[in-house]
Amino acid sequence: MSGGTTLENANPVIFQRSGERLLADTDADEDVHDPIDDREIFDILSINDPEHPLSLEELNVLEQVRVKVNDAESSVDVQFTPTIPHCSMATLIGLSIKVKLLRSLPERFKIDVSITPGTHASEEALNKQLADKERVAAALENSALLEVVNQCLTNKST
């Protein structure tokens, strides 16, 4: 998807996608309180990689074990792991994750998106950008950047 002609990670390792979520009888019952859990958030995060025709899950950038939800405290914490330590797409990936959650979850949730510790050369600076609400809002006002984020969020047939 990137406009460049060379890929930073031309031969990424591809992982198998997780299976479908098993639904309980009460999941469709609107009268039963159904707290949001880690798997539900992970399922929401079906996001395309900005560079490859693969999902972030298939590249192991997103893993269910790195998604933490506390429904009672209205908090979601997602860590993602770039495929290479100098990935220039890390900010875009983090922004895409954050936007997907902001669009999908009730406003009561506090959303934290960060890079898995020790997996990126600019981890601290990128985490600071992703945690700054004003910077995120400003980034989303950039129509060209928003178009790329929306491409990452567009469902592809698998």
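Residues numbered from 1 in each chain as written. Predicted model: local features only at pLDDT ≥ 70, side-chain atom pairs only at ≥ 80, totals over all residues. Heavy atoms only, no water.

Draft legend 1. Here's a closer look at unusual backbone geometry. Of note, N60 is a non-glycine position whose phi angle comes to about 65°, a positive value. If you trace the backbone, N60 turns up in the loop between α1 (38-44) and β1 (67-70). Located in the positive-phi region is S74, a residue other than glycine, with phi close to 55°. Turning to its location among the elements, S74 is positioned in the loop between β1 and β2 (75-80). (Helix = DSSP H or I, 4+ residues; strand = E, 2+ residues; numbered from the N terminus.)

Draft legend 2. How the structure looks around the nonpolar core. I41, V78, F80, I97 and L101 are the most contacted members of the largest nonpolar core, which has 36 residues in total. Listing elements by their share of this core, those giving two or more residues are α1, β1, β2, α2 (90-104), β3 (110-115), α3 (123-131), α4 (133-141) and α5 (143-153). Ranked by the residues each element gives to this core, the list is headed by α2, at seven residues. (Core = buried A, V, L, I, M, F, W, Y, C linked by side-chain atoms within 4.5 Å. Buried < 20%, exposed > 50% of the residue type's maximum accessible area, 1.4 Å probe, protein only.)

Draft legend 3. Region of interest: the packing of α2 against α3. Running from N to C, α2 and α3 cross one another at 30°; their axes reach a closest spacing of 10 Å. One finds that α2 runs roughly parallel with respect to α3. Both α2 and α3 take part in a crossing whose hand is right-handed. Seen from α2, the contacting residues are A90, T91, G94, L95 and K98; seen from α3, they are L126, Q129, L130 and A131. Grouping the amino acids of the contact of α2 with α3 by side-chain chemistry returns five nonpolar, three polar and one charged. (Axes fitted to C-alpha atoms, helices over the stretch in contact; angles between N-to-C directions. Parallel < 35°, antiparallel > 145°, perpendicular 65-115°, else oblique. Left-handed = near helix turned anticlockwise from the far one by under 90°. Contact = heavy atoms within 4.5 Å. Nonpolar A, V, L, I, M, F, W, Y, C, P; charged D, E, K, R; others polar.)

Draft legend 4. Representation of the packing of α2 against α4 in the model. Their axes nearest at 11 Å, the elements α2 and α4 cross at an angle of 95°. By the criterion of interaxial angle, the relationship of α2 to α4 is roughly perpendicular. Of the residues in α4, those in contact with L95, K98 and V99 of α2 are V136, A139 and L140. Of the residues that constitute the contact of α2 with α4, the class distribution is five nonpolar, no polar and one charged.

Draft legend 5. Focus on the pattern of salt bridges. Scanning all chains against the criterion turns up four salt bridges. For D43, the salt bridge is made with R39, and the minimal N-O distance between the two is 2.7 Å. With D43 and R39 both in helix α1 and four residues apart, the pair spans about one turn of that helix. By relative accessible area, which is 18% here, R39 ends up buried. (Salt bridge = Lys/Arg side-chain N within 4 Å of Asp/Glu carboxyl O.)

Draft legend 6. Examining the environment of L92 more closely. Inspection of the secondary structure assignment puts L92 in helix α2. For L92, a relative accessible area of 12% puts it in the buried group. Separated by 60 residues in the primary sequence, L92 and C152 have C-alpha atoms spaced 9.1 Å apart. The contact partners of L92, leaving out residues within four places of it in the chain, are P50, L145, V148 and V149.

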